[in-house]
Amino acid sequence: MSTSKATVLVTCPPMLGMIDNFRPRFAEAGIDLVAPNVVQIMTEDELCDFLPDMDGWIIGDDPATARVLEAGQVGKLRACVKWGVGVDNVDFNAAKNLGLEITNTPGVFGKEVADVAMNYVSGLARQTFMIDREIRTQNAWPKPSGISLAGKTVALVGLGDIGMETAKRLLAADMKVIAYDPFAKTPAGMSIQRAEWPSRVAEADFLVFTCPLTNDTRHMFNAELLNHLKAGVRVVNVSRGPVIDESALIKGLNDQTVHSAALDVFEIEPLPDNSPLRSFDRCIFGSHNGSNSSDAVARVSETAMDLLFGFLEIKG
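These remarks concern the structure in this document. (Residues numbered from 1 in each chain as written. Predicted model: local features only at pLDDT ≥ 70, side-chain atom pairs only at ≥ 80, totals over all residues. Heavy atoms only, no water.)

Here the focus is the overall build of the chain. A count of helices and strands for the chain gives 11 helices and 12 strands. By the compact-globule yardstick of 20 Å for 316 residues, the chain fits well, its C-alpha radius of gyration being 21 Å. Along the longest, intermediate and shortest principal axes, the C-alpha atoms of the chain span 65 × 50 × 30 Å. Taken over 316 residues, the chain has a buried fraction of 50%. Accessible area of the chain: about 14600 Å², with a carbon and sulfur share of 49%. (Helix = DSSP H or I, 4+ residues; strand = E, 2+ residues; numbered from the N terminus. Rg over C-alpha atoms; globule rule 2.2 N^0.38 Å. Buried < 20%, exposed > 50% of the residue type's maximum accessible area, 1.4 Å probe, protein only. Areas by Shrake-Rupley, 256 points an atom, 1.4 Å probe, with all protein chains shown as cover.)

This brings us to helix H4 (residues 66-74). If you check which residues of H4 are buried, you get Val68, Leu69, Ala71 and Gly72. Each buried residue of H4 sits inside an arc of 155° when the element is viewed along its axis, so together they form one side. As for H4, its buried residues are in contact with helix H3 (44-50), strand E3 (56-59), strand E4 (79-82) and helix H5 (92-97). (Arc of directions from axis to C-beta. Contact = heavy atoms within 4.5 Å.)

Attention now moves to the packing of aromatic side chains. In total, this model carries 5 aromatic pairs according to the counting rule given. Among the aromatic side chains, those forming a connected cluster through ring pairs are Tyr180, Trp197 and Phe209. (Phe/Tyr/Trp six-rings, centres within 6.5 Å; stacked < 30°, edge-to-face > 60°.)

Residue placement: Thr7 occurs in strand E1 (residues 6-10). For Thr7, a relative accessible area of 11% corresponds to the buried category. Excluding its chain neighbours within four sequence positions, the residues that come into contact with Thr7 are Ile31, Asp32, Val34, Asp53, Met54, Asp55, Gly56 and Lys76.

This paragraph deals with the pattern of salt bridges. Summed over all chains, the structure comprises 22 salt bridges. Taking the shortest distance from any N to any O, the salt bridge between Arg240 and Asp61 comes out at 3.5 Å. In this pair, Arg240 is assigned in the loop between strand E10 (233-237) and helix H10 (246-254) and Asp61 in the loop between E3 and H4, connecting sequence segments 179 residues apart. We classify Arg240 as buried; its relative accessible area is 13%. Looking at Asp61, the relative accessible area reads 22%, which means it is partly exposed. A salt bridge links Asp115 to Arg169; its shortest N-O distance comes to 2.8 Å. Placement of Asp115 in helix H6 (residues 110-126) and of Arg169 in helix H8 (residues 161-172) is noted, with a sequence separation of 54 residues between them. (Salt bridge = Lys/Arg side-chain N within 4 Å of Asp/Glu carboxyl O.)

Turning next to the pairing of strand E11 (residues 258-263). Judged by how many residues are buried, E11 sits mostly within the fold: 6 of 6 residues are covered. Bridging between E10 and E11 involves 5 bridges; their strand directions are parallel. By the bridge assignment for E11, Val233 is matched with Val258. Between the parallel pair E10 and E11, the chain is carried across by H10, and the sense of this crossover is right-handed. Sheet topology note: the E11/strand E12 (residues 284-285) ladder contains 2 bridges and is parallel. For Ala262, the partnering residue across the bridge sits in E12 and is Ile284. (Pairing = 2+ DSSP bridges. Right-handed = clockwise from strand over helix to strand, strands pointing away.)

Dropping the structure here:
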């Protein structure tokens, strides 16, 4: 067991938002906790300055690149845990080549992110968010005609933990689900139809992305896809921003191929002030916050600490 005092950097905003809840556990383990004020991510340069003095790192959506990990490994860095599910920002191969212990916390946010995805589907269908904005900011009393969810078709991209939980909620709303995932199996008893991307997308009233970001999923929503979509489709993204080519989405919104979009994630985060997306009133925007319930943050943060303390051979 390690006898020297370890230092751990935490850069995950949801965990940082509840960091006072976790300080006692770090203290009991004899760990010096470094918890900077992070809005979304730290830059590579900032991380290269911090990490050489750290024994461990609980990573958020920061750029855990080869350069960053090398800078840490030259110093004290021994182990990392990616907080949450997505790993597209972490160079796992570089970490392993450097001899760093590393993992993520898979399968932990399916229900929480699916709740947000379903909220977005319902919000786009009934324009509830737009109604709220007009009442608050324009002293209006709007009554837009929405669409019913029952009987509508959803093209659901990704059938992992988040996708499966989203499918359950969509089916409970009496919607038809066509799922796209070359790896996942459909559980027995779930009336999900399967298709190969992008076949049958023309049937979809809603297009919902719950997939990880990979070379195959990057810009799955692109200008070519617009030619295959039903006019007036509603788009939801709770996966990763670059799954959607935002220039194509803007084109689709302008020509009304896309009725509206609900985006919890963007190609650049936070969303730039000059993004054309801001001009579309019917759209709903999130802040990459789909997993952030206090229950889930507590649960996953405990898991991340367990894993990191184990790597560092520290009891706590």
